[in-house]
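# Remarks on the overall topology
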Amino acid sequence: MLSPVIFQISSIQVTYYVLVYIAGFIASLFLLLHYRKKLKLSQEQCYDLTFYLLIGVTISARIFHIIFWGLDYYLKNPIKMLYIWQGGLSFHGGLIGAVVVVLIFSKIKKINFFPLADILALPAVLAHAFQRISNLINQEIVG
């Protein structure tokens, strides 16, 4: 059986699940930088959007998980809502967060939403596929 923990330093664990999230955001950044002229983005805007995606996806994925898969538990243990290192991120919430972030960013920066969404779809789909593999390594969502 493959361990979900890649390595551990003191109490900090790096898992396949976290690694896939990080790789997805890095892939998004590289694609944004590669296509920035076509998208009419500055290099700084590429970094900003990647940061906003990281925050938006994480918060939205957590909120969606809390509301739809553990509301009773989290209402009884509200501090646990902040414990993202203990798991509990939802793909559906993350997708909603990503779309909202890109919509807001494109509206504020007056950038066409659809080409930006097209470019970001590839790393999102790949990250989701690898996320499912990490779910199997974690022995969750089997089947």
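So, here is what we can say about the structure in this document. (Residues numbered from 1 in each chain as written. Predicted model: local features only at pLDDT ≥ 70, side-chain atom pairs only at ≥ 80, totals over all residues. Heavy atoms only, no water.)

## A few points about the environment of Q13
Relative to the helices and strands, Q13 is located in strand β2 (residues 12–15). Classification of Q13 by relative accessible area gives partly exposed; the value is 43%. Residues Q13 and S42, spaced 29 residues apart in sequence, show a C-alpha to C-alpha distance of 35 Å. (Helix = DSSP H or I, 4+ residues; strand = E, 2+ residues; numbered from the N terminus. Buried < 20%, exposed > 50% of the residue type's maximum accessible area, 1.4 Å probe, protein only.)

## Overview of a nonpolar patch on the surface
On the surface, a cluster of nonpolar side chains totalling about 910 Å² of accessible area is made up of F51, Y52, L54, I55, I59, I63, I67, F68 and W69. When you line up the elements, W69 lands in helix α3 (residues 43–69). W69 gets classed as exposed once you look at its relative accessible area, which sits at 52%. (Patch = residues over 30% accessible without salt bridge, like charges linked within 9 Å, V, L, I, M, F, W, Y side chains within 5 Å. Areas by Shrake-Rupley, 256 points an atom, 1.4 Å probe, with all protein chains shown as cover. Salt bridge = Lys/Arg side-chain N within 4 Å of Asp/Glu carboxyl O.)

## With respect to the nonpolar core
Membership of the largest hydrophobic core comes to 22 residues, with the highest contact counts inside it found for Y21, L32, L41, L49, L53, L116 and L120. For this core, the secondary structure elements donating two or more residues are α1 (16–34), α3, α5 (91–109) and α6 (113–137). (Core = buried A, V, L, I, M, F, W, Y, C linked by side-chain atoms within 4.5 Å.)

## A word on α6
Taking 1.5 Å as the rise per residue, α6 with 25 residues should run 36 Å; its terminal C-alpha atoms sit 35 Å apart, in good agreement. Maximal helix bending in α6 amounts to about 30°, located at A121; proline P123 follows within four positions. For α6, every residue scored as buried is listed here: F113, L116, I119, L120, P123, A127, Q131, S134, N135 and I137. Buried residues along α6 sit in contact with α1, α2 (36–39), α3 and α5. For α6, the capping residue at the N-terminal end is N112, with a side-chain oxygen 3.2 Å from the backbone nitrogen of F114. Phi turns positive, to about 60°, at Q139, one or two residues after α6. (Expected span 1.5 Å × (residues − 1). Bend = angle between axes of the 7 residues up to and from the residue. Contact = heavy atoms within 4.5 Å. Polar contact = N/O pair within 3.5 Å; in protein donor to acceptor, adjacent residues only side chain to side chain.)

## Some words on α5
Compared with the 27 Å implied by 1.5 Å per residue over 19 residues, the 27 Å span of α5 between its first and last C-alpha is a close match. Among the residues of α5, those classed as buried are G93, G94, G97, V101, V102, F105 and S106. In the core, the buried residues of α5 are packed alongside α3 and α6. The opening residue of α5, the one whose side-chain oxygen lies 3.3 Å from the backbone nitrogen of H92, is S90. K110, located one to two residues past α5, shows a positive phi value of around 55°.

## So, the side chain of T58
Structurally, T58 can be placed in helix α3. There is a polar contact of 2.7 Å between the side chain of T58 and the backbone oxygen of L54. Ignoring any residue separated from it by four or fewer positions in sequence, one finds T58 in contact with L53, I84 and L89.

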